[in-house]
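# An overview of the molecular structure
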Amino acid sequence: MLYNKELILESMSFLKSKGIESVDTVVVLGSGLSHLVDQFPNTMVIPYDDIPGMHASSVKGHDSALIYITINNKKIVVLKGRMHMYEGYSAFQSSFAIALMGELKARQLIVTNAAGGLNPEFNPGDIMMIEDHIKTQFPSPLEGILTNDRFVDMQNAYDISLYDELQQKYQIKKGVYVSTLGPQYETPAEVRHFRNMGGDTVGMSTVMETIMARYYRMKVVGFSMITNKASGLPGAVLAHTDVIEQANKAGKILSNIISDLLQKDNI
Ligand code: HPA
């Protein structure tokens, strides 16, 4: 499915009928971060299956709900779970929720993912602030838009102005995220290739959401949680259950980082 404004507007009417008139900040939670929302009051939970254009995840261990919270009068939508392209969704569908938030005037996106470490110095449990990405899936979520605003400038797509502060407090890393379609993990040769291209982490999400967010002129702050060393590197263990276990561990630190960001007046 290509970019479909009608479907976005239908979905927006549905959210408005639930009382969500506008949104300030959107958070996309990758694996291992679901407990983040438990610490905030004033929540409204809407299962993805209830929202036109959205579907529950087929991945075990991924929840699928839109959660609306307010912190200091700031309206925040937390997207718990994603529609991944490896489930068969198009680039547009995989970033549909971000387009929806863009139409609801969201100004900021905090996007997170679980990822393999391509950089040999990255270890499971580390957190990397994303400073740029390399997209290796071919389609774009903006295909189907016929106006010239589709030619989105992807320079400075990720905001890293808080890096120094977060690095001091949480010892985070900084680097380039490479996206793949998945669902299979990479071959060792692909990992060498991605590293040579300049990648530091590799995962199966995020870039379509960032592109959509930049189309809507949102500020994007992105984080990878390193759950494993990438395929072929010494110590690489690539089993989905291990990835989820590591994501749960690293998720605690990243939850604290995101809570810090949400308390700020303007991330
Ligand atoms: N590769 C791709 N996606 C991932 C990985 C990986 O090594 N780990 C977690 N998500």
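None of these values were measured; they are calculated from a predicted model.

Scanning the entire structure with this criterion turns up four aromatic pairs. Considering the side-chain rings of Tyr3 and Tyr215, the 6.0 Å spacing of their centres and the 70 degrees angle between planes classify their relative orientation as edge-to-face. Remark: Tyr215 occurs in helix H6 (residues 207–215) and Tyr3 occurs in the segment before helix H1 (5–17); sequence separation between them is 212 residues. The pair Tyr3 / Tyr215 is uniform in exposure class, with both members buried.

A few words on the pattern of salt bridges. Counted under the stated rule, the structure contains five salt bridges. With a shortest N-O distance of 2.8 Å, Lys264 and Glu165 are connected by a salt bridge. Here the residue Lys264 occupies a position in the segment after helix H7 (240–263), and Glu165 occupies one in helix H4 (residues 163–170), the gap between them amounting to 99 residues. Classification of Lys264 as partly exposed rests on a relative accessible area of 25%. Between Asp260 and Lys169 there is a salt bridge, with its nearest N and O atoms 2.8 Å apart. Of this pair, Asp260 sits in helix H7 while Lys169 sits in helix H4, placing them 91 residues apart in sequence. Among the residues examined, Lys169 registers a relative accessible area of 53% and is labelled exposed.

This paragraph deals with the site of the ligand. For the ligand, the full set of nearby residues is Ala114, Ala115, Gly116, Tyr185, Glu186, Val202, Gly203, Met204, Thr227, Asn228, Leu238 and Val243. At a separation of 3.4 Å, a nitrogen atom of the ligand approaches a polar side-chain atom of Thr227. Contact with the protein chains removes 96% of the 260 Å² of surface that the ligand exposes when unbound. The site holding the ligand turns out to be the largest pocket. Of all the elements in the fold, those that place two or more residues in the shell around the ligand are strand E5 (108–117), strand E8 (201–203) and strand E9 (219–229). Of the residues that constitute the shell around the ligand, the class distribution is seven nonpolar, four polar and one charged.

For the largest pocket, the calculated volume is near 410 Å³. Contributing elements (two or more residues each) for the lining of the largest pocket: E5, E8, E9 and H7. When residues of the lining of the largest pocket are assigned to their parent elements, the largest contribution, four residues, is made by E5. For the lining of the largest pocket, the per-class residue count stands at eleven nonpolar, twelve polar and two charged.

Its place among the elements puts Met208 in helix H6. When residues no more than four places from it in sequence are discounted, the contact partners of Met208 are Met85, Ala91, Ser94, Ser95, Lys135, Gln137, Pro139 and Pro141.

In this section: the pairing of strand E1 (residues 25–29). Of all the five residues making up E1, five are buried; the element is thus mostly covered by neighbouring parts of the structure. Every second residue of E1 is oriented toward a common face, with Thr25, Val27 and Leu29 on one face and Val26 and Val28 on the other, all of them buried. Relative to strand E4 (residues 74–80), E1 runs parallel, the two sharing five bridges. The residue of E4 that forms the bridge with Val26 is Val77. In the sheet, E1 pairs with E5 via four bridges, with the strands oriented parallel. Looking across to E5, one finds that Val26 is bridged to Leu109.

This part covers the pairing of E4. The buried fraction of E4 is high, at six of seven residues. The loop that links strand E3 (residues 65–71) with its antiparallel partner E4 comprises two residues; one of these, Asn72, has a positive phi angle of about 50 degrees.

Here the focus is the packing of H1 against helix H3 (residues 96–103). At a minimum axis distance of 9 Å, the contact between H1 and H3 shows a crossing angle of 65 degrees. Relative to H3, the element H1 is oriented roughly perpendicular. In this structure, the crossing between H1 and H3 has a hand that is right-handed. Only Phe96, Ala99, Leu100, Met101 and Glu103 of H3 make contact with H1, whose side of the interface consists of Lys5, Leu7, Ile8, Leu9, Ser11, Met12 and Leu15. Split by residue class, the contact of H1 with H3 holds nine nonpolar, one polar and two charged.

Compared with an ideal rise of 1.5 Å per residue, which puts 13 residues at 18 Å, H1 spans 18 Å between its outermost C-alpha atoms and is within 8% of the ideal. Among the residues making up H1, those that are buried are Leu7, Ile8, Ser11, Met12, Phe14 and Leu15. Burial along H1 is one-sided: seen end-on, the buried residues are contained in an arc of 160 degrees. Seen from the buried face of H1, the exposed residues on the opposite side, beyond 90 degrees, are Glu6 and Ser17. Buried residues belonging to H1 abut strand E2 (44–47), E3, helix H2 (91–94) and H3. Backbone nitrogen of Glu6 and a side-chain oxygen of the N-cap are separated by 3.1 Å at the start of H1; the cap is Asn4. Looking one or two residues past H1, Gly19 carries a phi angle of roughly 105 degrees, positive in sign.

Cut-offs applied
Residues numbered from 1 in each chain as written. Predicted model: local features only at pLDDT ≥ 70, side-chain atom pairs only at ≥ 80, totals over all residues. Heavy atoms only, no water. Phe/Tyr/Trp six-rings, centres within 6.5 Å; stacked < 30°, edge-to-face > 60°. Helix = DSSP H or I, 4+ residues; strand = E, 2+ residues; numbered from the N terminus. Buried < 20%, exposed > 50% of the residue type's maximum accessible area, 1.4 Å probe, protein only. Salt bridge = Lys/Arg side-chain N within 4 Å of Asp/Glu carboxyl O. Near = heavy atom within 4 Å. Polar contact = N/O pair within 3.5 Å; in protein donor to acceptor, adjacent residues only side chain to side chain. Areas by Shrake-Rupley, 256 points an atom, 1.4 Å probe, with all protein chains shown as cover. 1 Å grid on protein atoms, 1.4 Å probe; cavity = no way out; pocket = protein on both sides within 12 Å on 5 of 7 lines; lining within 4 Å. Sits in = over half its atoms within 2 Å of the grid points. Nonpolar A, V, L, I, M, F, W, Y, C, P; charged D, E, K, R; others polar. Points joined across faces, edges and corners; volume = space filled by probe spheres on them. Contact = heavy atoms within 4.5 Å. Pairing = 2+ DSSP bridges. Axes fitted to C-alpha atoms, helices over the stretch in contact; angles between N-to-C directions. Parallel < 35°, antiparallel > 145°, perpendicular 65-115°, else oblique. Left-handed = near helix turned anticlockwise from the far one by under 90°. Expected span 1.5 Å × (residues − 1). Arc of directions from axis to C-beta.

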